[in-house]
Amino acid sequence: MAMFFRTILCFFVLISLVFTTSAQNCRSHTFANRIPYSACNDLSVLNSFLHWNYIAENRTVNLAYRHAGVSATRWVAWAINPTARGMVGSQALVAFQSGGRMEAYTSPINSFQTSLARGNLSFPVPTISAEFNGANEITIFATIVLPPGSTTVNQVWQEGPLTGSTPGIHPTTGANIQSIGTIDFQSGQTSSGGGAANSRVKRRNVHGVLNAVSWGTLMPLGAIIARYLKVAKAANPAWFYLHIACQTSAYAVGVAGWATGLKLGSDSPGIQYDSHRNLGIALFVLGTLQVFALLLRPKPDHKFRFYWNIYHHATGYLVIILSVVNVYKGFDILDPEKKWKRIYTGVLVTLAVIAVLLETFTWIVVIKRKKNEDKSHHGANGMNGYGARHQQGV
Ligand code: HEM
Ligand SMILES: *[C@@H]1O[C@H](CO)[C@@H](O)[C@H](O)[C@H]1NC(C)=O
Ligand SMILES: *[C@@H]1O[C@H](CO)[C@@H](O)[C@H](O)[C@H]1NC(C)=O
């Protein structure tokens, strides 16, 4: 039971960490040899910061977009999107290092197939330049004249790889599709996340947590309970009810997780993660069979019980292996912060260590029991086998 609570605890820690953000702060940054910017904002993802001065009479913004944690072989970009939330329609400022010097230019983005070619934006950009700090930070400096209308605009920002001096597609998971928000250059107010895209990120996280907890953790835990608690005679039939409780709740939560996955898939018809999807479907089928098999199991002394046991164990172990594989595939797609993968690996290793210890212990018990039974069988001590069996009820 202690290990059960430990696992549950791990997951509360896990869930509570989902909402933590980067600790760096734009206020503490000073630009060398430059006019101070009166306003700044820590953007929600991708180690990015926006600093600016806003001149209301001619709607001019002098800005510095700082992107930390990038090497010299990445491009960075910041954009206003006057027409929509998200990438398509963005009017981007792009910068990267090429041949030892910084390139900085404007690029209107009309589709997801953009190659970030140079072009004029829908609003004036009188000046643009960029700097690389020599280590891991690129800053774009620009003057822009805000498009007519509100001083609150949609913004997006990004970083991606370079091939020579050609920008390549940025990652399309994790923080790289959460880099959306609005900013009011007058008041400095920002909101992060952009409508549909933001709620998709939330649903992806919910999907991940539900499945990692159910298929990825409770299922193996339930198998451990069945395999090792069964040996302790005192735990009979408690092990059976614990096993059922564990597996049916894992199945219920797992089906919810599975449904959120199907919904995610149907909401983004352009993108398919075939193996993750197929494994998910296979798991649902196998898991459902397992639940029905439980209802249809023959009585312990029935002649088919032997075959049923083989079937139930084989499917059970297959489900656990496929679940773990699929949780890791999910991590690669979701691409959350590294710590989540590490925490999940930690939970698995803990379960594995517990299983190995219990396996050893079980063998010792079984061998001892066998010896005692042999002894009592040979009439050496009639009470011994009985006594030993009771000792095992630890
Ligand atoms: C090399 C050029 C680029 C290519 C080929 C490209 C491609 C894509 C693709 C295919 C997606 C969809 C991913 C998904 O939802 O599964 C996407 C999303 C996104 N991109 Fe780009 N992109 C490029 C440049 C940029 C730039 C310069 C920015 C920002 C200044 C940007 C910001 C975003 C954002 C915020 C999203 C997620 C929100 C949305 O779906 O609109 N991208 N990109
Ligand atoms: C906007 O006004 C400021 C201050 O009056 C001036 O320095 C700047 O050049 C103007 N910008 C543009 C783009 O007209
Ligand atoms: C961008 O604007 C400038 C100045 O208005 C003009 O000379 C140039 O041809 C334009 N470039 C493109 C690609 O339209």
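The name an unreviewed UniProt entry assigns to the chain is Cytochrome b561 and DOMON domain-containing protein, from the organism Aquilegia coerulea. The heading Function (unreviewed entry) in the UniProt record of the chain holds the text "May act as a catecholamine-responsive trans-membrane electron transporter."

Visitor: Would you mind going over the overall build of the chain with me for this structure?
Guide: A count of helices and strands for the chain gives seven helices and twelve strands. Taking all 394 residues of the chain together, the buried fraction comes to 43%. Considering only intrachain contacts with a sequence separation of at least 6, the fraction spanning at least 24 residues in the chain is 59%. Put simply, the chain shows about 21100 Å² of open surface, and 62% of that area lies on carbon and sulfur atoms.

Visitor: Can you walk me through the confidence of the model for the chain in this structure?
Guide: When pLDDT is low, close inspection of the predicted coordinates is not appropriate. In this model, the chain carries an average pLDDT of 84, and 85% of its residues clear a pLDDT of 70 or more. Segment residues 1-23: pLDDT under 50, and 27 contacts once partners within four positions in sequence are set aside and those in other chains are kept. Segment residues 379-394 is flagged for pLDDT under 50; beyond a separation of four residues in sequence, or across chains, it makes 21 contacts in the model.

Visitor: I'm lost on the UniProt feature "binding site: heme b" (unreviewed entry) in the chain in this one. Help?
Guide: What UniProt calls "binding site: heme b" (unreviewed entry) maps, in this numbering, to His-207, His-243, His-276 and His-312. Summarising the element assignment, His-207 is placed in helix H2 (residues 195-229). Ignoring sequence-local partners within four residues, the contact set of His-207 consists of Gly-257, Thr-260, Gly-261, Leu-264 and His-276. Its relative accessible area of 18% is what places His-276 among the buried residues. His-276 has contacts with His-207, Asn-326, Lys-329, Gly-330 and Ile-333, leaving out every residue within four places of it along the chain.

Visitor: Would you explain the packing of aromatic side chains in this entry?
Guide: Aromatic rings in a pair are described by how distant their centres are and how their planes are angled relative to each other. Counted under the stated rule, the structure contains twelve aromatic pairs. Where Phe-331 meets Tyr-344, the ring centres are 5.8 Å apart and the plane angle is 45°; that geometry is what we call tilted. Of the two residues, Phe-331 sits in helix H5 (residues 305-334) while Tyr-344 sits in helix H6 (residues 338-377), which places them 13 residues apart along the sequence. You can call Tyr-344 buried: its relative accessible area is 1%. Taken together, Phe-31, Tyr-37 and Phe-141 form an aromatic cluster joined through their ring pairs. A cation over a ring is seen here: Lys-303 above Phe-304, with NZ or CZ 5.6 Å from the ring centre.

Visitor: Looking at this structure, I do not really get the sheet that holds strand S7 (residues 127-132). What am I missing?
Guide: Adjacent strands of a sheet form backbone hydrogen bonds with each other and so pair up, either parallel or antiparallel. One open sheet accounts for five strands, arranged S1-S2-S3-S8-S7; its pairing is antiparallel. Pairing within the sheet leaves two strands with one partner each, and these edge strands are strand S1 (39-42) and S7. On average, each strand axis in the sheet is inclined to that of its neighbour by 15°, with strand direction left out of account. Pairing analysis gives eight bridges linking strand S2 (residues 48-55) to strand S3 (residues 60-68), with the strands arranged antiparallel.

Visitor: Which parts of the structure should I look at to understand the side chain of Asn-53?
Guide: Take Asn-53: it is sitting in strand S2. Here the side chain of Asn-53 touches Pro-36 through a polar contact of 3.4 Å, landing on its backbone oxygen. A distance of 2.7 Å separates a polar side-chain atom of Asn-53 from the backbone nitrogen of Ser-38. Beyond its immediate sequence surroundings of up to four residues, Asn-53 is in contact with Ile-35, Pro-36, Tyr-37, Ser-38, Thr-60, Val-61 and Asn-62.

Visitor: Help me understand helix H4 (residues 274-295), please; the structure alone is not making it clear to me.
Guide: Residue pairs spaced three or four apart in an α-helix point in one direction, given the helix's 3.6 residues per turn. The first and last C-alpha atoms of H4 sit 32 Å apart over 22 residues, in line with the 32 Å expected at 1.5 Å per residue. Residues His-276, Leu-279, Gly-280, Leu-283, Leu-286, Gly-287, Thr-288, Gln-290, Ala-293 and Leu-294 constitute the buried set of H4.

Visitor: Looking at this structure, I do not really get a nonpolar patch on the surface. What am I missing?
Guide: The grouping of Leu-262, Ile-281, Val-285, Leu-289 and Tyr-311 at the surface amounts to a nonpolar patch, some 370 Å² of accessible area in total. Examining the composition of the nonpolar patch, we find that three residues originate from one element, H4, more than from any other. On the basis of relative accessibility, which here comes to 33%, the residue Tyr-311 falls in the partly exposed class.

Visitor: Explain the packing of H4 against H5 here, please?
Guide: The description of two packed helices rests on the angle between their axes and on the distance between the axes. Interhelical geometry of H4 versus H5 gives an angle of 150° and a closest axis separation of 9 Å. One way to sum up the angle between H4 and H5 is to call them roughly antiparallel. Of the two elements, H4 crosses H5, and the hand of that crossing is left-handed.

Visitor: Which parts of the structure should I look at to understand unusual backbone geometry?
Guide: For residues other than glycine, phi is negative in most cases, and the peptide bonds are mostly trans. Positioned with a positive phi, Asn-47 is a non-glycine residue whose angle comes to about 45°. Within the secondary structure layout, Asn-47 lies in the loop between S1 and S2. The exposure class of Asn-47 is partly exposed, given its relative accessible area of 37%.

Visitor: It is not clear to me how the coordination of the iron atom of ligand 1 should be interpreted in this structure. Could you clarify?
Guide: Note on metal sites: the ideal angle is 109.5 degrees for four tetrahedral donors, and 90 or 180 degrees for six octahedral donors. All of the protein donors around the iron atom of ligand 1 are Met-87 (SD) and His-170 (NE2); their distances to the metal are 2.0 Å. Around the iron atom of ligand 1, the six donor atoms sit at angles spanning 84 to 178°, and that spread fits a shape best called octahedral. One end of the pair, Met-87, is in the loop between strand S4 (74-81) and strand S5 (91-98); the other, His-170, is in the loop between strand S10 (166-167) and strand S11 (180-184), with 83 residues separating them in the sequence. For Met-87, a relative accessible area of 22% corresponds to the partly exposed category.

Visitor: Help me understand the nonpolar core, please; the structure alone is not making it clear to me.
Guide: Note that soluble globular proteins tend to have their nonpolar side chains buried in a common cluster. Formed by 31 residues in total, the largest nonpolar core has its most connected members in Leu-50, Trp-52, Leu-63, Tyr-65, Trp-78 and Phe-185. Element by element, the count of residues in this core is highest for strand S8 (residues 137-145), at four residues. Once residues lying within four places of it in the same chain are set aside, the contact partners of Leu-63 are Tyr-37, Leu-50, His-51, Trp-52, Trp-78, Leu-93, Ile-140, Phe-141, Ala-142 and Ile-144. By size, the runner-up hydrophobic cluster in this structure holds 20 residues, among which are Trp-215, Met-219, Ile-224 and Ile-320.

Conventions adopted
Residues numbered from 1 in each chain as written. Chains lettered and ligands numbered in written order. Predicted model: local features only at pLDDT ≥ 70, side-chain atom pairs only at ≥ 80, totals over all residues. Heavy atoms only, no water. UniProt positions renumbered as here; feature names shortened; annotations may be inferred. Helix = DSSP H or I, 4+ residues; strand = E, 2+ residues; numbered from the N terminus. Buried < 20%, exposed > 50% of the residue type's maximum accessible area, 1.4 Å probe, protein only. Contact = heavy atoms within 4.5 Å. Areas by Shrake-Rupley, 256 points an atom, 1.4 Å probe, with all protein chains shown as cover. pLDDT = per-residue confidence, 0-100. Phe/Tyr/Trp six-rings, centres within 6.5 Å; stacked < 30°, edge-to-face > 60°. Lys NZ or Arg CZ within 6 Å of the ring centre and 35° of its normal. Pairing = 2+ DSSP bridges. Axes fitted to C-alpha atoms, helices over the stretch in contact; angles between N-to-C directions. Polar contact = N/O pair within 3.5 Å; in protein donor to acceptor, adjacent residues only side chain to side chain. Expected span 1.5 Å × (residues − 1). Patch = residues over 30% accessible without salt bridge, like charges linked within 9 Å, V, L, I, M, F, W, Y side chains within 5 Å. Salt bridge = Lys/Arg side-chain N within 4 Å of Asp/Glu carboxyl O. Parallel < 35°, antiparallel > 145°, perpendicular 65-115°, else oblique. Left-handed = near helix turned anticlockwise from the far one by under 90°. Donors = N, O, S within 2.8 Å, 3.2 Å for Na, K, Ca; no water. Tetrahedral: all angles 85-135°; square planar, octahedral: opposite > 155°, others 65-115°. Core = buried A, V, L, I, M, F, W, Y, C linked by side-chain atoms within 4.5 Å.

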